[in-house]
Amino acid sequence: MRVLAVNDISCVGKCSLTVALPVLSACGVTCDILPTALLSTHTGGFTGYTFLGLDDEMKKICDHWESLGLKYDVIYSGYLGSREQIAFVKEVKRRFLKEGGKFIVDPVLGDHFTFYKGFDEAFAAEMRSLCAEADYILPNETESYLLTGTRDFHAALEKLHELCPHPVITGAREGEAYSIYYYTDREEKLSIPFVEGAYHGAGDVFASAFSGCVAHGEGLKEALELCTEFTYRAILRTRDEVADRKYGMNYEPELHLICDHFYKK
Ligand code: PXL
């Protein structure tokens, strides 16, 4: 099984490709990478970070890959640095996704009901058009709102389902519970206890594990149960063991959960 992760390299502050690579390896899946940008840190909570968009390099990399005849079972796209990159990812899907392969879009736009730095409404509109080409989309609560204009999870899920067969809203606080709303052939949800605080990179931990599950052909419900349990355990460890949460999640000690799921005899 071969997954292509299209995402940035944030050198410090575990997220994006520095999470996708180890998590997909734990799934027993080959993870090739198409880096979208190189940053000294991610943009959430650090100041003075460097940013190098890799638009031109991405095109050259893909031209080389075409000469190798590469094709992927799953393409997973995350943080994209420009509207042009979003358009290019549609081309990447056309050129490199196997017949019958799955396209997963984590529409990285923002958190806490604001855009991440550098993103705006025009970017969100372009991201919506990428979601329309996906088999699965994984917006957080904020991204679901930015894509649909509604904070009501039921209404948002319906609107997202008009775009894509299997939307998954990865976080909805409901009192003391935290719910994942998703669409199989109807609305379904999965709940875990709510944990106070912000956990940078949690969405990437979740989306990477989900991509591994899809590569294994796991059903949506089973995949979400595993990814939610894995992310929840990592959140508890991070809450208890990490002093400065902008450096990312302490998910590594929980990777065994994923290895065991796929490989324990
Ligand atoms: O985790 C999402 C993410 C990915 N990549 C970069 C980011 C963020 C969120 O802040 O800044 C560069």
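Everything that follows concerns the structure shown earlier in this document.
First, a word on scope: everything that follows refers to the structure included in this document. (Residues numbered from 1 in each chain as written. Predicted model: local features only at pLDDT ≥ 70, side-chain atom pairs only at ≥ 80, totals over all residues. Heavy atoms only, no water.)

Before going further, it helps to examine helix H2 (residues 55-68). Compared with an ideal rise of 1.5 Å per residue, which puts 14 residues at 20 Å, H2 spans 21 Å between its outermost C-alpha atoms and is within 8% of the ideal. For H2, the elements touching its buried residues are strand E1 (2-12), strand E2 (30-41) and helix H3 (83-96). Residue Gly-69 follows H2 closely and has a positive phi angle near 70°. (Helix = DSSP H or I, 4+ residues; strand = E, 2+ residues; numbered from the N terminus. Expected span 1.5 Å × (residues − 1). Contact = heavy atoms within 4.5 Å.)

The local shell around the ligand consists of Asp-8, Ser-10, Cys-15, Ser-16, Leu-39, His-42, Thr-43, Gly-44, Tyr-79, Tyr-116, His-200 and Asp-204. Separating an oxygen atom of the ligand from a side-chain N or O atom of Thr-43 is a distance of 2.6 Å. Within the contact set of the ligand, an oxygen atom lies 3.1 Å away from a side-chain nitrogen or oxygen of His-200. Within the complex, the protein chains bury 97% of what would otherwise be the 310 Å² of accessible surface of the ligand. Its atoms largely coinciding with the cavity grid, the ligand occupies the largest pocket. In the shell around the ligand, the residues fall into four nonpolar, six polar and two charged. (Near = heavy atom within 4 Å. Polar contact = N/O pair within 3.5 Å; in protein donor to acceptor, adjacent residues only side chain to side chain. Areas by Shrake-Rupley, 256 points an atom, 1.4 Å probe, with all protein chains shown as cover. 1 Å grid on protein atoms, 1.4 Å probe; cavity = no way out; pocket = protein on both sides within 12 Å on 5 of 7 lines; lining within 4 Å. Sits in = over half its atoms within 2 Å of the grid points. Nonpolar A, V, L, I, M, F, W, Y, C, P; charged D, E, K, R; others polar.)

What follows covers the nonpolar core. Within the largest apolar cluster, 47 residues are counted, with the highest numbers of intra-cluster contacts made by Phe-210, Phe-230 and Tyr-251. Elements that contribute at least two residues to this core include exactly E1, helix H1 (16-26), strand E4 (72-77), strand E10 (177-183), strand E11 (187-193), helix H7 (202-215), helix H8 (220-241) and helix H9 (255-263). If near-sequence neighbours (up to four positions away) are discounted, Phe-230 is found in contact with Val-23, Val-205, Ala-209, Tyr-251, Glu-254, Leu-255, Leu-257 and Ile-258. One finds Val-6, Val-105, Leu-147 and Ala-172 within the second-largest nonpolar core, a separate group that totals 41 residues. (Core = buried A, V, L, I, M, F, W, Y, C linked by side-chain atoms within 4.5 Å. Buried < 20%, exposed > 50% of the residue type's maximum accessible area, 1.4 Å probe, protein only.)

As a further point, take helix H4 (residues 121-131). The complete set of buried residues in H4 reads Phe-123, Ala-124, Met-127, Leu-130 and Cys-131. What you see down the axis of H4 is that its buried residues fit within an arc of 110°, all on one side. If you check the start of H4, you find a side-chain oxygen 3.2 Å away from the backbone N of Ala-122, and it comes from Asp-120. (Arc of directions from axis to C-beta.)

One open sheet holds the nine strands; their spatial order is E3-E2-E1-E4-E5-E8-E9-E10-E11, and the pairing between them is mixed. In this open sheet, the two edge strands, each paired with only one partner strand, are strand E3 (51-53) and E11. Two elements, E2 and E3, share three bridges in a ladder whose sense is antiparallel. Opposite Leu-39, over in E3, you have Phe-51 as the bridge partner. The strands touched by H7 are E1, E4, strand E5 (97-105), strand E8 (136-137) and strand E9 (166-174); relative to E4, the strand with the most contacts, the crossing angle is about 165°. (Pairing = 2+ DSSP bridges. Axes fitted to C-alpha atoms, helices over the stretch in contact; angles between N-to-C directions.)

Trans peptide bonds make up the majority, and among non-glycine residues the majority have a negative phi. A positive phi is found at Ser-16, a non-glycine position, where the angle reads about 45°. With respect to the element layout, Ser-16 can be found in helix H1. With relative accessibility at 3%, the residue Ser-16 sits in the buried group. Even without being a glycine, Phe-113 presents a positive backbone phi close to 60°. Mapped onto the elements of the fold, Phe-113 is located in the loop between strand E6 (110-111) and strand E7 (114-115).

Taken N-terminus to C-terminus, the directions of H8 and H9 make an angle of 155°; their axes are 9 Å apart at the nearest point. One way to sum up the angle between H8 and H9 is to call them roughly antiparallel. Crossing of H8 over H9 shows right-handed handedness. Here Leu-226, Glu-229, Phe-230 and Arg-233 of H8 come into contact with H9, specifically with Leu-255, His-256, Leu-257, Ile-258, His-261 and Phe-262. Partitioning the contact of H8 with H9 into residue classes produces six nonpolar, two polar and two charged. (Parallel < 35°, antiparallel > 145°, perpendicular 65-115°, else oblique. Left-handed = near helix turned anticlockwise from the far one by under 90°.)

Moving on, we get to the side chain of Asp-106. With respect to the secondary-structure elements, Asp-106 resides in the loop between E5 and E6. In this structure, Asp-106 is in contact with Tyr-76, Ser-77, Gly-78, Leu-138, Glu-143, Gly-203, Asp-204 and Ala-207, ignoring residues within four places of it in sequence.

The next point concerns a negative patch on the surface. Residues Asp-152, Glu-158, Glu-162 and Glu-187 make up a contiguous surface patch of negative charge. Counting through the fold element by element, Glu-187 comes out in strand E11. (Patch = residues over 30% accessible without salt bridge, like charges linked within 9 Å, V, L, I, M, F, W, Y side chains within 5 Å. Salt bridge = Lys/Arg side-chain N within 4 Å of Asp/Glu carboxyl O. Lys, Arg positive; Asp, Glu negative; His and termini not counted. Charge placed at Lys NZ, Arg CZ, Asp CG, Glu CD.)

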